[in-house]
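Notes for the structure review
Spelled out, the chains give:
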Number of protein chains: 2
Amino acid sequence: MSINRQIVLASRPQGEPSADNFRLVESPLAPPEQLADGQVLVRHHFLSLDPYMRGRMSEGKSYAQPQPLNEVMIGGTVGEVIASRHPQYAVGDKVVGMGGWQEYAVVNAAQPGLLRKVDTTHIPLSAYLGAVGMPGVTAWYGLMKICEPRAGGTISVSAASGAVGSAVGQLAKSRGCRVVGFAGGPDKCRYVVEELGFDACIDYRQHATLDSLQAALREAAPQGIDGHFENVGGMVLDAVLLQMNAFGRIAVCGMIAGYNGEPIPLRHPQMILTSRLRVEGFIVSEHMEVWPEALKELGTLVATGRLKYRESVAQGLASAPEAFIGLLKGRNFGKQLVKLI
Amino acid sequence: MSINRQIVLASRPQGEPSADNFRLVESPLAPPEQLADGQVLVRHHFLSLDPYMRGRMSEGKSYAQPQPLNEVMIGGTVGEVIASRHPQYAVGDKVVGMGGWQEYAVVNAAQPGLLRKVDTTHIPLSAYLGAVGMPGVTAWYGLMKICEPRAGGTISVSAASGAVGSAVGQLAKSRGCRVVGFAGGPDKCRYVVEELGFDACIDYRQHATLDSLQAALREAAPQGIDGHFENVGGMVLDAVLLQMNAFGRIAVCGMIAGYNGEPIPLRHPQMILTSRLRVEGFIVSEHMEVWPEALKELGTLVATGRLKYRESVAQGLASAPEAFIGLLKGRNFGKQLVKLI
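Under an unreviewed UniProt entry, the name given to chain A is NADP-dependent oxidoreductase, and the source organism is Caldimonas caldifontis.

Listed below in C-alpha cells is the structure:
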C-alpha cells in the first residue's frame, strides 16, 4: 500500500498565519484496483497557492465556507491520471482540478466540474494553475466585465507581477490601453515594465505616504485612470481613487487586512461620488459562464508567447506552508506553485 | 424700474459655510419691454436649497464647475411668467428652471433645457422642486438603475425623511420591498414610519458606535440588505456594508465630509469584496434620458396622493443663507425651500 502525504489545517491563525497552523500527515493510499466506478486516481505534479486560501482559514464572514480543521487544505492542482475507472479519462491524461494540498487525489470524475483534461502540447502543465487557469480567468473577468477597457484609456493594477496582475496588464495592453502597475520592489517593477510591457510600474515600497504615492501615480497616469483592478487594497486603492477619471470602474479582487486581521480603512470613499465611479467586488468561481471564452483567449496567448508569466516554485509538499506564508507577504515573484514530483 | 434682489457668493467657506459667505445685493430689473426676442421674465415663487450647492461653493475637485464668486448662487426655482417674448410661453404660465437665488430671472427660453412649463392642476408648484423634480428623479434613478429593487428584498436609505430619501423609500415600497430608513431624531423617524410607510427607521443619533448602529440594523433588516441608497456616508454606510447581502447594490448620491471638509474614512471597504457588492456614484443631471419616465411616475404618484413629502419653507430671499446652513446640519425636515412671494 502506498502513502499519500497531505497537509491539513491544524488550527486557525490569529492574524498572520504561521507554520503551526498546518500539519503534515500521511494517509494510506488505496490501491488502484479499489477505485469505485467513475473514479480517477490523480498524481499531483503541481499545487497552486493563492491568496484566497487565507480567507478560508478563518471562520469570519467570507464568501465561502471556511476550510474545516483537520482536513486537507483546499487548492488547485494539476497532475496525471495514474488509474481510471471513468471512460473519458485514461492513464497518462493530464488533468487540472481542486485536489488540495496532497500528493494524490481520488476524484469522482463523473461529477461535473471537478476534473478537466488539458492539452500540454503548447502550454506547460503548470500554466493551467496560472495564466490559463483560475488566476488568468480572474484577470480576464475583472478587466473585461468590470473595467471594460477601451483603446487609448488607462488601466492600472496592483500586485502587477503576480499571477493575476500580470495577466490583467497584458490583456489591457492587447486592447490598446496605457497600463500602469503597482508592485513591491525594484526587481518586480523592472520585470513588469521590461518583460511584461507595462507602460509604467510604481514601487509602492518607495512611498511612505499617500501624498507621495499619489504624486508618482499622477506622473505614471497623466491622463487619469479609467479602469483599476485591485488585488491588494490599502493605500494603493486610495491613491487610485484620487486619480480616477469620471465614470471609471474599479474591479475589487483582493483586499488585504491589517497585521491583526482588522480591515484597512479607505480614506477617500467620497471619490466614488465625486468621480461617479463603479466599484465592484467579484469572485471568479461565481462567473463560470465566462470561463470557456476566457480560457480560449488566455490559452492562445500563452501558446503563442504573447502572454508572459513567471512562477515561484517551491519543492515538495512539506514546503507548502512556508511558501504560502511567503506569498501573503509578497515574497513570491509571479505565480506561487509547489512542485510535488 | 424694479429691483431684483439677489444673493451672491461673497467668499468660499473654510469648513462649514457661514452667513458671511453670502451677500444680498440689489440689481435693477430691466422693464419687460426691453426683453430680447426669445426671452422670458420669470418671477420666482420658490427657491430650492440642496446639499449639492455646498460642493459648488468650494474650488476643490468636484463633478461640476465651482460657483463663481460675486455671481448669483445657482439653484432650482419655480415661478410664473410675467413677460414673454417667446411664442411657447405666455404670461401666467408656471415654470421650473435654474433661476438661482434671486427674485426674478430673465431666461433665454429658446435654449433647450433652461425652462419647462408645468401643470399645477393636481401637483403643487413647489413639488416640482422636490418629489416631482430633481430630488425625485435622483431617488428614482439611484433606486431603479443602481439598486434594482426586487419584491421581497430589503432596501435601506439614509436621510430618509429628506426630499430624496423619502421618495426612495416610497418607490421601493411600491416595488414590494421591505424598506429601512436612517434619520436623525425621533420626530423624523416617527414620520418616516408612520407617515411614509417605511417598515423601520433607525435614529442614528441614538448610536454612538458602529457596533450599536450595526446591532440596530441587524434587527431592522434581519434578512440583510439587497440595495442601499446613500445620501450621507460616514458610519451609516459602514453599518450598511456589514449588513449587505451577496451581490447587493449601493447607490452613492451624497457623502458628507468631516467638520473641516476632510473626507470621512470608510472602515469596512473589504465588504465590497466579501459580499461582492457593486457601489456606484452618480449625479442625476448626467442621466437626462431617464427624466421623462421618472417624472411621469413621480407626478402620477404625487397627484394621486401615493407619494408623500414634507417641506421646510423659509420665508423671503434674505432667509436663504441661514436655511441653507441649517440644511447642511440636518435642521430641515423634508424638502428645504425658500418662499419668495
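A few words now on the overall build of chain A. Scanning chain A for helices and strands turns up 9 helices and 15 strands. In summary, chain A has a C-alpha radius of gyration of 20 Å against a globular reference of 20 Å for 341 residues, a match within 12%. Considering only C-alpha atoms, chain A reaches an extent of 65 × 45 × 35 Å along its principal axes. Considering chain A as a whole, with its 341 residues, one finds that 57% of them fall into the buried category. When contacts within chain A are restricted to residue pairs at least 6 apart in sequence, those whose partners lie at least 24 apart make up 67%.

This part covers the domain arrangement of chain A. Bring the parts together and some accessible area is lost; that lost area is often taken as the interface size. Residue and element names in this part refer to chain A. As assigned here, chain A comprises domain 1 (2-130 + 309-339) and domain 2 (134-285). Using only C-alpha atoms to locate each centre, domain 1 and domain 2 end up separated by 29 Å. Listed by partner, the interface residues are 16 residues for domain 1 and 14 residues for domain 2. With both chains or domains summed, domain 1 and domain 2 bury close to 1100 Å², and 60% of this area falls on carbon and sulfur atoms. Summed over the shared surface of domain 1 and domain 2, the result is 0 salt bridges. If you look at where domain 1 meets domain 2, you find 4 residue pairs in polar contact (both at pLDDT 80 or more). Along the lines of polarity and charge, the residues of the side of domain 1 that touches domain 2 split into 6 nonpolar, 5 polar and 5 charged.

This paragraph deals with the interface of chain A and chain B. Opposite the 32 residues of chain A that make contact, chain B presents 32 residues. A buried area of about 2700 Å², summed over both sides, lies between chain A and chain B, and 65% of it is on carbon and sulfur atoms. Taken together, the connections running from chain A to chain B amount to 4 salt bridges. Glu 286 of chain B is the salt-bridge partner of Arg 276 of chain A, the closest N and O atoms lying 2.3 Å from each other. Linking chain A with chain B are 8 residue pairs in polar contact (both at pLDDT 80 or more), by the criterion used here. Of all the elements in the fold, those that place two or more residues in the side of chain A that touches chain B are strand S12 (244-252), helix H7 (271-274) and strand S13 (278-281) of chain A. Split into classes, the residues belonging to the side of chain A that touches chain B amount to 19 nonpolar, 7 polar and 6 charged. Bridge count for S13 of chain A against strand S13 (residues 278-281) of chain B is 3 bridges, and the pairing is antiparallel.

Attention shifts here to the nonpolar core. Of all hydrophobic cores here, the largest spans 55 residues; its most connected members are Leu 217 of chain A together with Leu 217 of chain B. Aside from chain neighbours lying at most four places away, what touches Leu 217 of chain A is Val 180, Phe 182, Ile 202, Ile 225, Ala 239, Val 240 and Gln 243 of chain A.

Turning our attention to the pattern of salt bridges. All names here are of chain A. Per the stated rule, a full pass over the model turns up 24 salt bridges over all chains. A salt bridge links Asp 199 to Lys 173, with the nearest nitrogen and oxygen atoms 2.9 Å apart. A residue pair is termed long-range when its members are at least 10 positions apart, and Asp 199 in the loop between helix H4 (186-195) and strand S10 (200-203) and Lys 173 in helix H3 (residues 163-174) qualify at 26 residues. In this structure Asp 199 comes out as partly exposed when scored by relative accessible area, which is 33%.

What follows deals with the packing of aromatic side chains. For the structure shown, the criterion picks out 12 aromatic pairs over all chains. Seen in terms of ring centroids, Phe 22 of chain B and Phe 324 of chain B are 6.2 Å apart; in terms of plane orientation they differ by 85°. Their pairing is edge-to-face. Of this pair, Phe 22 of chain B sits in strand S2 (residues 22-29) while Phe 324 of chain B sits in helix H9 (residues 320-328), placing them 302 residues apart in sequence. Accessibility classification places Phe 22 of chain B together with Phe 324 of chain B in one group, the buried group. An aromatic cluster is defined as three or more aromatic residues linked by ring pairs; in this entry it consists of Phe 22, Trp 101 and Phe 324 of chain A. Note that Arg 276 of chain A overlies the ring of Phe 247 of chain A, its terminal NZ or CZ placed 4.9 Å from the centroid.

All names here are of chain A. Two numbers describe how helix H5 (residues 210-220) lies on helix H6 (residues 235-243): the axes approach to 9 Å, and their chain directions differ by 50°. Classified by the angle between their axes, H5 and H6 sit oblique to one another. Of the two possible hands of crossing, H5 and H6 adopt the one that is right-handed. Facing H5, whose interface residues are Leu 210, Leu 213, Gln 214, Leu 217 and Arg 218, H6 presents Met 235, Val 236, Asp 238, Ala 239, Val 240, Leu 242 and Gln 243. Residues belonging to the contact of H5 with H6 are distributed by class as follows: 8 nonpolar, 2 polar and 2 charged.

Note on the copies: chain A fits chain B at an RMSD of 0.0 Å, the axial shift is 0.0 Å, and the rotation between them is 180°. The transformation relating the two chain copies, once decomposed into turn and shift, fits a two-fold axis. A share of 100% of the interface residues of chain A reappears at the interface of chain B, consistent with the copies meeting face to face through the same patch.

The 12 strands are arranged S10(A)-S9(A)-S8(A)-S11(A)-S12(A)-S13(A)-S13(B)-S12(B)-S11(B)-S8(B)-S9(B)-S10(B) in an open sheet whose pairing can be described as mixed. Edge positions in the open sheet fall to S10 of chain A together with strand S10 (200-203) of chain B, since each of these has one partner strand only. Each strand axis lies, on average, 15° off the axis of its neighbour in the sheet, ignoring direction. Sheet topology places strand S8 (residues 154-157) of chain A next to strand S11 (residues 225-230) of chain A; 3 bridges connect them, and they run parallel. When the bridges of S11 of chain A are listed, Val 157 of chain A appears paired with Phe 229 of chain A. Sitting on the sheet, helix H2 (residues 134-147) of chain A is in contact with S8, S11, S12 and S13 of chain A, with an inclination near 145° to S11 of chain A.

Each value, and the rule that gives it
Residues numbered from 1 in each chain as written. Chains lettered and ligands numbered in written order. Predicted model: local features only at pLDDT ≥ 70, side-chain atom pairs only at ≥ 80, totals over all residues. Heavy atoms only, no water. Helix = DSSP H or I, 4+ residues; strand = E, 2+ residues; numbered from the N terminus. Rg over C-alpha atoms; globule rule 2.2 N^0.38 Å. Buried < 20%, exposed > 50% of the residue type's maximum accessible area, 1.4 Å probe, protein only. Contact = heavy atoms within 4.5 Å. Domains from an automatic or database assignment. Buried area = accessible area lost by both parts, 1.4 Å probe. Salt bridge = Lys/Arg side-chain N within 4 Å of Asp/Glu carboxyl O. Polar contact = N/O pair within 3.5 Å; in protein donor to acceptor, adjacent residues only side chain to side chain. Nonpolar A, V, L, I, M, F, W, Y, C, P; charged D, E, K, R; others polar. Pairing = 2+ DSSP bridges. Core = buried A, V, L, I, M, F, W, Y, C linked by side-chain atoms within 4.5 Å. Phe/Tyr/Trp six-rings, centres within 6.5 Å; stacked < 30°, edge-to-face > 60°. Lys NZ or Arg CZ within 6 Å of the ring centre and 35° of its normal. Axes fitted to C-alpha atoms, helices over the stretch in contact; angles between N-to-C directions. Parallel < 35°, antiparallel > 145°, perpendicular 65-115°, else oblique. Left-handed = near helix turned anticlockwise from the far one by under 90°. Least-squares fit on C-alpha atoms with pLDDT ≥ 70 in both.

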